[in-house]
Amino acid sequence: MAQGEEMAGMIQLEVVDDPRLLEAIHATILTPVFRPAELLPAAQLRQAVAAGACEVLVVPGVDGPQAVAVGEFADGVVLLVYLAVAPGVRSRGTGGKLLDAAVARWRACPGVKLVVAEVDRPDFHTADAVQGDPSRRLEFYARHGGLAFDLPYFQPSVGPGQPPVHGMLLIALAADRAVLSADGGRLVRVGRLRDLLAAGLDQAGEADEAGRRLLASLDDPDGVQLLPLSGYAGIEPSAPRPTA
């Protein structure tokens, strides 16, 4: 556990960089709630933290971390890769407080202009006891100010043997006014976001039609529209919707 602690958004945060604790967080908090195709291997997470490419924030508790937020840093953009609450601590507001505190912390980092996250589309993914309810998750992010990018988004493969995850939305959690249109309805300076997505696709070795369409959608000279999460169904998906 890193020595630094802070109180943000009325919740205590601790920055985790100890490899053993990262391994435990991966096994006990992240693995139970994320599909294998979504979850970075524990070794890859440790390496990213050691390299300064990721930051892992936890809400500490008597019996260990209660919740975790993982942010991936790129040039001027932070991607909230994972947000999860430990079993037994859910439905107490911990996740919302952690989200607000993490976004505030990352938004305050020098040079950061945009904090984004990826979330399941409810018209692609059904509710279950493990991953939860995508509709409620979308409502959660809407309550915390999230807006959806009008992009045919999908998560690239996280590693060998893992498929990309289609049926996802990319959402903005915080944005500097300098990268937005005057009315705040469009992201007009898209270069850094495009670089982040292109790097993810390149690392995953994906140059298929879905990847090309995603990057092409960022080339509109007018930028990318931001939409209320309640209107997500009007956003073009990265793959055909599943049939009933």
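Scroll up to find the structure this text is about.
This structure is a prediction, so every number in the text was calculated from the model and none was measured. Counting starts from 1 at the beginning of each chain's written sequence and moves along it residue by residue. Since the coordinates come from a predicted model, pLDDT governs what is reported: local features require at least 70, and pairs of side-chain atoms require 80 or more to be given and counted, while whole-chain, interface and lining totals use all residues. Hydrogens are left out, water is left out, and the side-chain values use all remaining heavy atoms of the structure.

Trainee: How would you sum up the overall build of the chain? Please name residues and give values.
Mentor: We count a stretch as a helix when DSSP gives it H or I for four or more residues in a row; a strand needs E for two or more, and each element gets its number in order from the N terminus. Scanning the chain for helices and strands turns up 6 helices and 10 strands. Atoms counted for the radius of gyration: C-alpha only. Globule rule: 2.2 Å times residue count to the power 0.38. Computed over the C-alpha atoms, the radius of gyration of the chain is 17 Å, within 12% of the 18 Å expected from 2.2 N^0.38 for a compact globule of 244 residues. Referenced to the eigenvectors of the C-alpha coordinate spread, the extents of the chain come out at roughly 50 × 40 × 35 Å. Remark: exposure states derive from per-residue accessible area (1.4 Å probe, protein chains only) relative to the maximum for the residue type, with buried under 20%, exposed over 50%, and partly exposed in between. Relative to its 244 residues, the chain shows a buried fraction of 48%. Residue pairs at least 24 apart in sequence account for 67% of intrachain contacts in the chain once pairs closer than 6 positions are excluded. Carbon and sulfur atoms form 54% of the exposed surface of the chain, whose accessible area is close to 11700 Å². Of the side-chain charges in the chain, 21 are positive and 30 negative, and the distance between the mean point of each set is 3 Å. Contact criterion: two residues are considered in contact whenever any of their non-hydrogen atoms come within 4.5 Å of each other. Each accessible area is a Shrake-Rupley result for a 1.4 Å probe, and residues are judged covered by the shown protein chains and nothing else. Under the convention used here, Asp and Glu are negative, Lys and Arg are positive, and both His and the chain ends fall outside the count. A charged residue contributes its charge at one atom only: NZ of Lys, CZ of Arg, CG of Asp or CD of Glu.

Trainee: Before we move on, could you go through the nonpolar core and cite the residues and values that matter?
Mentor: Among the nonpolar cores identified, the biggest contains 83 residues, and Y141 and F149 are the most heavily contacted of them. The dominant element in this core, judged by the number of residues it contributes, is strand β5 (residues 77-85), at 9 residues. F149 has contacts with L114, V116, L170, I171, A172, L187, L193, V224, Q225, L226 and I235, leaving out every residue within four places of it along the chain. Joining through side-chain atoms within 4.5 Å is the link that ties buried Ala, Val, Leu, Ile, Met, Phe, Trp, Tyr and Cys residues into a set, and such a set is a nonpolar core.

Trainee: An account of the layout of surface pockets is needed here, citing residue identities and associated values.
Mentor: The pocket and cavity definitions rest on a 1 Å grid over protein atoms only: a 1.4 Å probe that fits but cannot leave marks a cavity, an open set with protein on both sides within 12 Å along at least five of seven lines marks a pocket, and residues lining either have an atom within 4 Å of a point. Grid points are joined across faces, edges and corners, and a volume is the space filled by probe spheres set on the points. By volume, the largest pocket amounts to about 1000 Å³. L83, Q131, G132, R137 and F140 are, among the 34 residues lining the largest pocket, the residues nearest its centre. Secondary-structure elements contributing two or more residues to the lining of the largest pocket are β5, α3 (94-107), β6 (114-120) and α4 (134-143). The greatest single-element share of the lining of the largest pocket, amounting to 6 residues, is contributed by β5. Put simply, the second largest pocket is a space of about 590 Å³. Lining of the second largest pocket is provided by 27 residues; of these, L40, Q44, E72, G200 and Q203 occupy positions nearest its centre. At the level of secondary structure, the elements contributing two or more residues to the lining of the second largest pocket comprise α2 (42-50), β5 and α5 (191-204).

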